[in-house]
Amino acid sequence: MAGRAQIRTNNSALIAMIADEDTITGFLLAGVGNVDIRRKTNYLIVDSKTTVKTIEDAFKEFTSREDIAVVLISQYVANMIRFLVDSYNKPVPAILEIPSKDHPYDPAQDSVLSRVRYLFSSESVASGRR
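Residues numbered from 1 in each chain as written. Predicted model: local features only at pLDDT ≥ 70, side-chain atom pairs only at ≥ 80, totals over all residues. Heavy atoms only, no water.

One pass over the structure, following the stated rule, counts 1 aromatic pair. On the numbers, 6.0 Å between centres and 80 degrees between planes, the contact of phenylalanine 59 with tyrosine 88 is edge-to-face. Taken together, the positions of phenylalanine 59 in helix H2 (residues 52-64) and tyrosine 88 in the loop between helix H4 (82-87) and strand E4 (94-98) put the pair 29 residues apart, joining distant regions of the chain. Here phenylalanine 59 matches tyrosine 88 in class, with each residue buried. (Phe/Tyr/Trp six-rings, centres within 6.5 Å; stacked < 30°, edge-to-face > 60°. Helix = DSSP H or I, 4+ residues; strand = E, 2+ residues; numbered from the N terminus. Buried < 20%, exposed > 50% of the residue type's maximum accessible area, 1.4 Å probe, protein only.)

Structure follows, in structure tokens:
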């Protein structure tokens with residue numbers, strides 16, 4: 001199909017992460033971490049000293065890299081850059097908001113879930129059933 005984004009299959013794709021130290025550590029222990037030849041990582045550890053500008057820059061970098069297929073971002077971090085997360089509309093890399101140890105997941109704030117709700121409400125209205 002002409003309008004669909006293609007996922008590169010000749011190389012493996014990475015998962016990028018923007019989250020607190022405990023969440024990042026868990027994913028690194030699971031083998032998700034990567035450091036390339038230029039010493040760039042596929043994760044950003046967010047703590048009380050991390051600026052919003054740093055988070056924005058990491059989000060923009062991860063969503064523009066061709067070797068990343070999924071960006072996992074803690075929901076409380078996504079709330080800091082909500083305008084960027086909500087305006088992102090490309091299918092690859094996919095953006096997934098995840099809970100963290102200190103901040104529970106709130107489905108009302110999840111941009112992906114709200115898009116799915118909108119899609120299904122539009123389809124149900126268009127088809128005449130509820």
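This part takes up the pattern of salt bridges. Inspection of the entire model under this criterion finds 8 salt bridges. Here lysine 101 makes a salt bridge to aspartate 22, at a shortest N to O gap of 2.7 Å. With lysine 101 in the loop between E4 and helix H5 (111-127) and aspartate 22 in helix H1 (residues 21-29), this pair connects stretches of sequence that are 79 residues apart. Taking the relative accessible area as the measure of exposure, aspartate 22 reaches 43% and is therefore partly exposed. Between glutamate 97 and arginine 82 there is a salt bridge, with its nearest N and O atoms 2.7 Å apart. (Salt bridge = Lys/Arg side-chain N within 4 Å of Asp/Glu carboxyl O.)

Turning to the nonpolar core, a few remarks are in order. What tends to happen in soluble globular proteins is that the nonpolar side chains get buried as a cluster. Within the largest apolar cluster, 20 residues are counted, with the highest numbers of intra-cluster contacts made by Ile18, Phe59 and Ile73. Those elements that provide at least two residues to this core are strand E1 (14-19), H2, strand E3 (68-74), helix H3 (75-80) and H4. Looking at which element gives the most residues to this core, the answer is H2, with 4 residues. The contact partners of isoleucine 18, leaving out residues within four places of it in the chain, are Ile24, Leu44, Val46, Ile55, Ala58, Phe59, Phe62, Leu72, Ile73, Ser74 and Val77. Core analysis: the second largest hydrophobic core is formed by 6 residues, Ala19, Ile24, Val32 and Ile98 among them. (Core = buried A, V, L, I, M, F, W, Y, C linked by side-chain atoms within 4.5 Å. Contact = heavy atoms within 4.5 Å.)

As a further point, take unusual backbone geometry. For the bond from valine 92 to proline 93, the omega torsion is 0 degrees, close enough to zero to count as cis. By secondary structure assignment, the location of proline 93 is in the loop between H4 and E4. Positive phi is not limited to glycine here, since arginine 39 has a value of about 65 degrees. Looking at the secondary structure, you find arginine 39 in the loop between H1 and strand E2 (43-45).

What follows is about the sheet that holds E2. Spatial strand order, E2-E1-E3-E4: 4 strands in an open sheet with parallel pairing. Looking at which strands have only one partner, the edges of the open sheet turn out to be E2 and E4. Ignoring strand direction, the axes of neighbouring strands in this sheet form an average angle of 20 degrees. The strands that H1 touches are E1, E2, E3 and E4; relative to E1, the one it contacts most, it runs at about 160 degrees. (Pairing = 2+ DSSP bridges. Axes fitted to C-alpha atoms, helices over the stretch in contact; angles between N-to-C directions.)

With respect to the helices and strands, the residue serine 74 is situated in strand E3. We classify serine 74 as buried; its relative accessible area is 0%.

Turning our attention to the side chain of aspartate 20. Along the chain, aspartate 20 falls in the loop between E1 and H1. For the buried aspartate 20, which has no salt bridge, the nearest side chain bearing the opposite charge is lysine 101, at an N-O separation of 6.6 Å. Sequence-distant contacts of aspartate 20, defined by excluding residues within four places in its chain, comprise Ile45, Val46, Ser74, Tyr76 and Ser100. (Lys, Arg positive; Asp, Glu negative; His and termini not counted.)

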